[in-house]
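Letter by letter, the chains look like this.
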Amino acid sequence: MVRPVLEYAPLKLIIGNKNYSSWSMRPWLAAKSAGIRFEEQIIWLRHPETSAMIKATSAAGKVPILIHGDIMVHESIAILEYLAEIAPNLWPEDRESRAHARAISAEIHAGFLPLRRNCPMNIKRQPKAIALDDETRASVERVVDLIIDCRTRFGSGGDFLFGADFNNADAMWAPVVNRLHAYDIKVPAAVRRYMEAVMTTPMWREWEAAALEETETIVDIDSV
Ligand SMILES: N[C@@H](CCC(=O)N[C@@H](CS)C(=O)NCC(=O)O)C(=O)O
């Protein structure tokens, strides 16, 4: 169906707390990096009314959610695909690079559960190491190998996974950057350089500044 007015419809991204919501961070960073303008709405997580508020828009009951005109998209990776239809350079132009960018985006979307569970994203956390179990260490090893491999094969033209441009794959991996940083996980210099590149982008800084202003807390994440 062709929707001629859609081109002019405003975009709205419904997200969770900037301090904690790793899934929300991904499309937010991607849209900002591509210069896509959008309005944002925050639904605070872990309140009694959170689930009902989210389900009023999406039966899946999770943020992020993108609204564009009469289109509603849920699931972070589907939102990133939608944004790339508006701004195609959110995926690399070269076919092999694009396939790999999609593969590693799917991999982080579906995997690394030990790292995600044991080292939750927490932007405000001052870097401090915790004891990592074997499963989490194995996740970290795969993260390190994947970043080094991607930067070596596809990233020589710049500081990001696929070179000069921050793209959807970097957005998908951005919360991992926070996890490595916030839990002071020792990584090779090449990975640290990549982390610094991501953490000094204007959109990361903007997200971080807003997260630091939030007064909402989630005690079980802060107590890790
Ligand atoms: N697979 C989903 C996961 C989204 C997700 O788990 N979002 C969390 C916040 S980071 C959420 O909405 N939780 C709902 C709740 O806490 O009630 C995606 O990729 O968007």
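Only a predicted model underlies this, so the values are computations on that prediction, with no experimental measurement involved. The residue numbers shown here count from 1 along each chain, following its written sequence. Note on the predicted model: pLDDT of at least 70 is required for a residue's local features to be given, and 80 or more for side-chain atom pairs to be given and counted; whole-chain, interface and lining totals, by contrast, use all residues. Hydrogens and waters are ignored; side-chain quantities use all the structure's heavy atoms.

1. Observations regarding helix α1 (residues 22-33)
- Between the first and last C-alpha of α1 there are 17 Å, a value that for twelve residues agrees with the 16 Å anticipated at 1.5 Å per step.
- Most of α1 sits inside the fold, with nine of its twelve residues counted as buried.
- Type-normalised accessible area, obtained with a 1.4 Å probe on protein chains alone, sets the label of each residue: buried when under 20%, exposed when over 50%, and partly exposed for intermediate values. Strands are runs of DSSP state E lasting at least 2 residues, helices are runs of H or I lasting at least 4, and numbering of each runs from the N terminus. Regarding α1, the residues found buried are Ser22, Ser24, Met25, Arg26, Pro27, Trp28, Leu29, Ala30 and Ala31.
- Contacts were defined at the residue level, with two residues in contact if any of their heavy atoms lie within 4.5 Å. Turning to α1, the residues buried within the fold contact β1 (11-15), β2 (39-42), α3 (76-86), α4 (95-110), α7 (168-182) and α9 (202-213). To estimate how far a helix should extend, the number of its residues minus one is multiplied by 1.5 Å.

2. Details of the pattern of salt bridges
- When a carboxyl oxygen of Asp or Glu lies within 4 Å of a side-chain nitrogen of Lys or Arg, that pair is called a salt bridge. Counting across every chain of the model gives eleven salt bridges.
- Among the salt bridges present, the one from arginine 153 reaches glutamate 96, with a minimum N-O distance of 3.9 Å. Residue arginine 153 is found in helix α6 (residues 134-154), and its partner glutamate 96 is found in helix α4; the two are separated by 57 residues along the sequence.
- Look at glutamate 96 and you get exposed, because its relative accessible area is 52%.
- Measuring nitrogen to oxygen at the nearest pair gives 2.9 Å for the salt bridge that ties aspartate 149 to arginine 153. Here arginine 153 and aspartate 149 lie together in helix α6, a separation of four residues that amounts to about one turn.
- The exposure class of aspartate 149 is partly exposed, given its relative accessible area of 30%.
- For arginine 153, a relative accessible area of 44% puts it in the partly exposed group.
- Three or more residues joined by partner-sharing salt bridges are found here, namely Glu96, Asp149 and Arg153.

3. Digging into the domain arrangement of the chain
- Per the domain assignment, the segments of the chain are domain 1 (6-88) and domain 2 (93-208).
- Its C-alpha centre places domain 1 at a distance of 21 Å from the equivalent point of domain 2.
- The interface of domain 1 with domain 2 comprises 22 residues on the first partner and 21 residues on the second.
- Defined here as a combined quantity, buried area equals the accessible surface (1.4 Å probe) lost by two parts on assembly, summed across both. Overall, the association of domain 1 and domain 2 removes approximately 2000 Å² of surface from exposure, summing both partners, and the carbon and sulfur fraction of that is 66%.
- Sorting the residues of domain 1 by area buried against domain 2 places Asn19, Met25 and Arg26 first, and these three jointly supply 30% of that buried surface.
- Here domain 1 is connected to domain 2 by two salt bridges. The domain limits used here are those given by an automatic or database domain assignment.

4. A look at the packing of α6 against helix α8 (residues 189-199)
- Across the interface, α6 lies against α8 with an axial gap of 9 Å and an inter-helix angle of 80°. Judged on the interaxial angle alone, α8 and α6 are roughly perpendicular. For the pair formed by α6 and α8, the contact residues are Val144, Ile147, Ile148 and Arg151 on the first element and Ala190, Val191 and Tyr194 on the second.
- Under the convention adopted here, Pro, Cys and the residues Ala, Val, Leu, Ile, Met, Phe, Trp and Tyr are nonpolar, Asp, Glu, Lys and Arg are charged, and Gly plus all remaining residues are polar. Residue composition of the contact of α6 with α8, by class: six nonpolar, no polar and one charged. Between N-to-C directions, angles cover 0 to 180 degrees, with each direction set by a line fitted to C-alpha atoms, over the stretch in contact for helices. Note on terminology: angles under 35 degrees are roughly parallel, angles over 145 are roughly antiparallel, angles of 65 to 115 are roughly perpendicular, and the others are oblique.

5. Some remarks on the UniProt feature "domain: GST N-terminal" (unreviewed entry) in the chain
- UniProt positions are given in the numbering used here, feature names are shortened, and annotations may be inferred rather than shown by experiment. Within this structure's numbering, the places UniProt gives as "domain: GST N-terminal" (unreviewed entry) are residues 11-91.
- With 36% helix and 21% strand, the stretch residues 11-91 has end C-alpha atoms that lie 20 Å from each other.

6. Describing the layout of surface pockets
- Method remark: on a 1 Å grid restricted to protein atoms, a set of points is classed as a cavity if a 1.4 Å probe fits but cannot get out and as a pocket if it is open with protein on both sides within 12 Å along at least five of seven lines; lining residues have an atom within 4 Å of a point. Grid points are joined across faces, edges and corners, and a volume is the space filled by probe spheres set on the points. Its boundaries defined by the atoms lining it, the largest pocket holds a volume of some 670 Å³.
- Taken together, 23 residues line the largest pocket, and the ones lying closest to its centre are Ser21, Ser22, Trp23, Leu45 and Lys62.
- Broken down by element, the lining of the largest pocket gets its largest block of residues, three residues, from helix α5 (residues 113-118).
- Taken together, the residues of the lining of the largest pocket break down into eleven nonpolar, six polar and six charged.
- Built from parts of two domains, the lining of the largest pocket gets at least three residues from each of domain 1 (6-88) and domain 2 (93-208).

7. Digging into the environment of asparagine 168
- Relative to the assigned elements, asparagine 168 resides in helix α7.
- Remark: the alpha-carbon pair of asparagine 168 and isoleucine 108, spanning 60 residues in sequence, is separated by 12 Å.
- The residues contacting asparagine 168, other than those within four sequence positions of it, are Ala30, Leu80, Glu81, Ala84, Leu90, Trp91 and Ser105.
- Each polar contact in these results corresponds to two N or O atoms within 3.5 Å; when the atoms are within protein, one needs to be able to donate a hydrogen and the other to accept it, and residues that are neighboring in sequence are counted only if both atoms are side-chain atoms. Reaching out from asparagine 168, the side chain makes a polar contact with the backbone oxygen of leucine 80 at a distance of 3.1 Å.

8. Topic: α4
- Taking 1.5 Å per residue, 16 residues should reach 22 Å; α4 reaches 22 Å between its end C-alpha atoms and fits that length.
- The elements touched by buried residues of α4 are α1, α3, α5, α6 and α7.

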